[in-house]
Amino acid sequence: AQGLKRVLTTYDKIINSDDGQVLYLLWRKNPNNKNASVIIGLLKIGYKNLYLTDESMQTFQVSPLCVLDFYVHDTLQRQGYGHALFDYMLKQENSSAENVAIDKPSQSLLQFMNKHYHLNEPIWQVTNFVVYPPFFDNNKLCNSSTSTNKTCAKSAKAEIENANKQQQQQQQQQQQQQSYGTSNIRYRGQVDNLIRDNAMIGRRTVVDPETAQGRKICRDFEHQSIW
């Protein structure tokens, strides 16, 4: 629909993303093959940290729910599938259409938002995201006089995700510390055993190199004993 020159959604991009990307798929069983399914449409979302401006050019720093990719197969469009998929996503993300930021929407998607959600005054951003006037109603204006970048109206979902990441990092650190402790104990035990084993080894007899046995050792092994 947009004449894109590259693929927007791949498995690797979703797995390696750092903005909490989620892919919603609408599918049905293939009537011609019971072991296969047919993909009807897809909707990819994420939570990005954005600087957005309203109609009066006031700046807001937010981390909203972002629509990053939205597609319904050409042969299945205008049958209500896209609306059903979008509504399901909003319900799962506990959000509403006016609180969504859309990345580079096509004209078809803008018409879709107008038809189903009565949003007809898109505000284009310099980053090619689009939001609508109601988006700014519940967001606080960023204080541009401060030197630090303070996040304004950060979504609750993004905060939960950050908290979960911190908890996972703490758990990983604890596991690593426990692993290091176990390794140290194991290593110390091995050293103790080695010391005890060495203590049980009798003192090796030094052979005079001028004797017949000493000359044989030097000839066979071509080195002097260091014991």
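These lines cover the structure that appears in this document, whether it is placed above or below. (Residues numbered from 1 in each chain as written. Predicted model: local features only at pLDDT ≥ 70, side-chain atom pairs only at ≥ 80, totals over all residues. Heavy atoms only, no water.)

1. A short note on the pairing of strand β1 (residues 22-30)
Put simply, side chains in a regular strand alternate between the two faces of the sheet.
Reasoning step 1: With nine bridges joining them, β1 and strand β2 (residues 33-47) adopt antiparallel strand pairing. Residue Val 22 lies in a different strand from β2, and its bridge partner there is Ile 45.
Reasoning step 2: Taking the residues between adjacent antiparallel strands as the criterion, β1 and β2 are bridged by two residues. (Pairing = 2+ DSSP bridges. Helix = DSSP H or I, 4+ residues; strand = E, 2+ residues; numbered from the N terminus.)

2. Side note on the sheet that holds strand β7 (residues 123-124)
Reasoning step 1: Judged by pairing direction, the sheet is mixed, and its six strands sit side by side in the order β1-β2-β5-β6-β8-β7 without closing on themselves. Strands at the two margins of the open sheet, each flanked by one partner only, are β1 and β7.
Reasoning step 2: The sheet contact formed by β2 and strand β5 (residues 65-72) spans seven bridges and is antiparallel. In the strand pairing of β5, Tyr 47 is matched with Leu 65.
Reasoning step 3: On top of the sheet, helix α2 (residues 81-92) reaches β1, β2, β5 and β6 (100-103); it is set at about 155° to β5, its chief contact. (Contact = heavy atoms within 4.5 Å. Axes fitted to C-alpha atoms, helices over the stretch in contact; angles between N-to-C directions.)

3. Observations regarding the pattern of salt bridges
Reasoning step 1: In total, this model carries two salt bridges according to the counting rule given.
Reasoning step 2: Ionic pairing is found between Asp 19 and Lys 48, a salt bridge with its closest N-O pair at 2.6 Å. Within this pair, whereas Asp 19 is found in the loop between α1 (11-15) and β1, its partner Lys 48 is found in the loop between β2 and β3 (50-53), the two being separated by 29 residues in sequence.
Reasoning step 3: Classification of Lys 48 as partly exposed rests on a relative accessible area of 27%. (Salt bridge = Lys/Arg side-chain N within 4 Å of Asp/Glu carboxyl O. Buried < 20%, exposed > 50% of the residue type's maximum accessible area, 1.4 Å probe, protein only.)

Read these as geometric descriptors, not functional statements.
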